[in-house]
Each structure stands twice: as C-alpha cells, then as structure tokens.
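# Summary of the model geometry
As a plain string of letters, each chain reads:
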Amino acid sequence: MPGPVLGVETSCDDTGLGLVMAGRLLCHKVRGQPAHEATLGVVPQVAAACHLEALDSLLAELLEEAKVALGDLAGVGVTTGPGLIGCLAVGSSWALGLATGLGVPTVGVNHLEAHVNALRVCSPPPEFPLLVLLASGGHTALIAWDGEGPPRTLCTTRDDAAGEALDKVARVLGLGFPGGAKLERLAAAGDDMAVPFPLPMRGRSGFSFSGLKTAGRRAAATAAPADLAASFQRAVCRHLLAQTEREAAARRWAGLGVVGGVAANGVLRRGLMALGKRHGLPVHLPPADLATDNGGMVALAAERALAAGRLVPVDELRPRWPLEMA
Ligand code: KG4
Ligand code: ZN
C-alpha cells in the first residue's frame, strides 16, 4: 500500500481507529462507552449510537496525532463480524462512506483475526507457527497462526466467554461492569483456595465457563467477597491455562501469544509465562491497549488483506463469523 491504511473497530462497546503503514502501527485511538456501566451490561442500540457519535471526532484526533492528512489514506479496513449487528452496521457504513469519498479500497476484517494481528507489534516479533489464546468478554478460543494466511481455530468455548464469566461474578459482588479488572483488584486481598471450584473440560479439548459462572454466583451467598474473587479468578485462569497447555503439548509451536481483555490479568499472565518456560516457548503479550478491542489491530489485518487481494466486502455483515469462513 502506498499510504496509511485506516482500521475501524465498532463490533461491541469500544470505538477504535488505527493507522498502519508498511506493517508499522503509526497511531491508534479508542473511545470507551461509559453508558454501559449504568446498565451493568452492553445495550446494543446504545452502543451503536455511541459509535456513530464518536467516529468523526475520533478520526480527527487520530489524523491530528499521527500527522496524516485524510487524503493520504490508501485504504480502509473495518470489522464486519463477529459482533453486534447494529454496531457492525455503523462501522461498515461509516467506513464505506469515507472510502468511497476518498476513492480508496475497503476490506471487511474478521474481529478474531484482527485480535491475533495485534501480536505483530510485540517486541521481539513472534515467530510462527504461533499458538494464540484469545480471551475476552465475547470470545474464548485457542488459535493456530502461521503469520501469513488467516488464523485457524483449534477450539473455542461451548458456552460463555472467560471475560463474561468474570464479569458476571464481579456483578454479583457489586463491582459494576465490566468487572474483570475490579475483580482482580479485590482478589489481591483474598485467599484463592478458600472456595473450591472444579476444573471444566478435564481430559477434553475446548472451554466451558457456564458451570463455573453458576458456581461462582452461588458461592457469593456465603463466601467472603475477596476470597470469592481470588478463588474464582484462579478457577478461570486455571481452566484457560490447562487448555492452553494441552494444545502447547499436542504439537510443535514456535511461540505462544495472548490477546483479549482478560490477557491483562496478572494471574493469567504469570501462569502463561510459567507455561512457556515449561515448554521452552517464548510468550508474546501485546500492550494492554492493543490486547483489548482497538482499531490498530484492524488496520494491521486490513493492510495485509488489501496487499494480498483478500477483499472481503464491507457491506456484508457477519454477526457470526468463524475464522474458517474468512
Ligand atoms: O477484549 P475486550 O476489551 O472486549 C471484548 O471483546 O470483550 O475484553 C473485555 C473483557 C471483559 O470481560 C473484562 O472484564 C475483561 O476483559 N478484563 C479482565 C481484566 N481486564 C479486562 N479480566 C480479568 N482481569 C483483568 N485485569
Ligand atoms: Zn474483541
């Protein structure tokens, strides 16, 4: 691409824009949506309205900070799935309008593929094949990535996502939404062995958090809040780590990567570092602002897709879009 590519992320409750040129992230900006704190969860119509309100001013801030002129853009990539349909529609129509006005190409980007692409900014850069753990509020999966083609899902969750389970228990503890980070803070004062939780999917591949979530909510009636937070956090991380180790041992990898909001969790990060050490694998953790939803990761994936001619139409929204369909 002869100029910077803009990435647009509006699939859930963060409005993100990012600029990438020749594989290098120039700048990115995320605007969160505090409106969802009051409702203790994302209301899709409210999220879509917030994206619409944020996009123009966020673009102006991004271009100003990156010292890039609108007319310099060489292409626009936008998340077209998976995600909330109304939110995807806002992002894709805004991106299409912008690109049409500028006369530059557009590309639809898979949100999961975008998350994985955030690992490109790690230093040192990852080597391939890479085993990637994606753990966010909406997704939990183990992904194989060769760095060139689309990443491939190895296993996913049967029910809830890891972040969703953490958020639900945080909510019962009165910590607000999203509660993962607050639960981690409360957990620091608790005993992580105080409340026993089972290890889901023992001996099987894949994730399941709904049983843990129910057990966690039930335990809230009797356990001390900090003990429950610590024990539940341990149980969620233990499950994530056990399944990651299962895949790490099953075949040859050049490294291990972690993306998604839950990757900010200290217990998970320390567990992954130890896992990497046991298996002789380098562990790649992108900075927190690129591990959570953002436009930089979309731009990183979009620039590659445009260069490879992998032109997914932006007006074809895919609220459910497994990586295999990319
Ligand atoms: O990737 P993300 O920003 O958005 C989604 O695509 O969902 O992830 C948000 C999730 C929420 O469930 C939030 O509670 C969780 O990441 N999270 C954490 C931490 N920080 C954010 N979970 C555990 N520990 C944290 N420090
Ligand atoms: Zn995400």
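Residues numbered from 1 in each chain as written. Chains lettered and ligands numbered in written order. Predicted model: local features only at pLDDT ≥ 70, side-chain atom pairs only at ≥ 80, totals over all residues. Heavy atoms only, no water.

## So, the coordination of the zinc ion (ligand 2)
Distances from the zinc ion (ligand 2) to its protein donors, H111 (NE2), H115 (NE2) and D293 (OD), fall within 2.1 Å. One can describe the site at the zinc ion (ligand 2) as irregular: its four donor atoms subtend angles covering 87 to 135° at the metal. Along the chain, the residues donating to the zinc ion (ligand 2) fall in the pattern H-x3-H-x177-D. Placement of the pair is H111 in helix 4 (residues 111–117) and D293 in the loop between helix 10 (288–291) and helix 11 (295–308), with a sequence separation of 182 residues. Given the relative accessible area of 3%, H111 is considered buried. Judged by its relative accessible area of 14%, D293 is buried. (Donors = N, O, S within 2.8 Å, 3.2 Å for Na, K, Ca; no water. Tetrahedral: all angles 85-135°; square planar, octahedral: opposite > 155°, others 65-115°. Helix = DSSP H or I, 4+ residues; strand = E, 2+ residues; numbered from the N terminus. Buried < 20%, exposed > 50% of the residue type's maximum accessible area, 1.4 Å probe, protein only.)

## What to know about the packing of aromatic side chains
We describe a pair of aromatic rings using the distance from one ring centre to the other and the angle between the two ring planes. The tally for this structure, following the rule as stated, stands at three aromatic pairs. Between the aromatic rings of F128 and W145, the centroid separation amounts to 5.0 Å while the plane-to-plane angle is 85°, which identifies the pairing as edge-to-face. With a gap of 17 residues between them, F128 in the loop between helix 4 and strand 6 (130–135) and W145 in strand 7 (residues 140–145) connect regions that are remote in the sequence. Its relative accessible area of 31% is what places F128 among the partly exposed residues. Between the aromatic rings of F197 and F232, the centroid separation amounts to 5.5 Å while the plane-to-plane angle is 75°, which identifies the pairing as edge-to-face. Placement of the pair is F197 in the loop between helix 6 (180–187) and helix 7 (210–219) and F232 in helix 8 (residues 225–250), with a sequence separation of 35 residues. Accessibility assignment for this pair places F197 and F232 in one class, buried. The positively charged end of R318 is found above the aromatic ring belonging to W321, 4.4 Å away from the centroid. (Phe/Tyr/Trp six-rings, centres within 6.5 Å; stacked < 30°, edge-to-face > 60°. Lys NZ or Arg CZ within 6 Å of the ring centre and 35° of its normal.)

## Some thoughts on the sheet that holds strand 3 (residues 24–31)
Spatially, 3-2-1-4-5 is the arrangement adopted by the five strands of the open sheet, whose pairing is mixed. Bordering the open sheet on either side are strand 3 and strand 5 (106–110), each of which pairs with just one other strand. Between one strand axis and the next, the sheet turns by 20° as a mean value, whatever way the strands run. Alignment of strand 1 (residues 5–9) against strand 2 (residues 15–21), held across five bridges, turns out to be antiparallel. Note on strand 2: the bridge partner recorded for V8 is L17. Across the sheet, helix 2 (residues 44–66) touches strand 1, strand 2 and strand 3, and the angle it forms with strand 2 is around 30°. Together, strand 1, strand 2, strand 4 (75–81) and strand 5 form the strand contacts of helix 3 (residues 85–102), whose direction differs from that of strand 4 by roughly 160°. (Pairing = 2+ DSSP bridges. Axes fitted to C-alpha atoms, helices over the stretch in contact; angles between N-to-C directions. Contact = heavy atoms within 4.5 Å.)

## Things to note about helix 9 (residues 266–279)
With 14 residues, helix 9 extends 20 Å from end C-alpha to end C-alpha; this agrees with the ideal 20 Å at 1.5 Å per step. Buried within helix 9 we find G266, L268, G271, L272, L275 and G276. Packed against the buried residues of helix 9 are strand 6, helix 6, helix 8, strand 9 (255–259) and strand 10 (283–284). Where helix 9 begins, one side-chain oxygen reaches toward the backbone nitrogen of V267, 3.0 Å away; that side chain belongs to N265. Phi for G280, located one or two positions after helix 9, is positive at around 65°. (Expected span 1.5 Å × (residues − 1). Polar contact = N/O pair within 3.5 Å; in protein donor to acceptor, adjacent residues only side chain to side chain.)

## Here's the deal with the pattern of salt bridges
Two side chains with opposite charge may pair up if their charged atoms get near one another. In the structure shown here, the tally under the stated rule is eight salt bridges. We note a salt bridge from E61 to R31, for which the minimum N-O separation is 3.0 Å. In this pair, E61 is assigned in helix 2 and R31 in strand 3, connecting sequence segments 30 residues apart. Among the residues examined, E61 registers a relative accessible area of 37% and is labelled partly exposed. R31 gets classed as partly exposed once you look at its relative accessible area, which sits at 27%. In this structure, D160 and K213 form a salt bridge, with 2.8 Å as the shortest nitrogen-oxygen distance. Of this pair, D160 sits in the loop between strand 8 (152–156) and helix 5 (162–172) while K213 is found in helix 7, placing the two residues 53 residues apart along the sequence. (Salt bridge = Lys/Arg side-chain N within 4 Å of Asp/Glu carboxyl O.)

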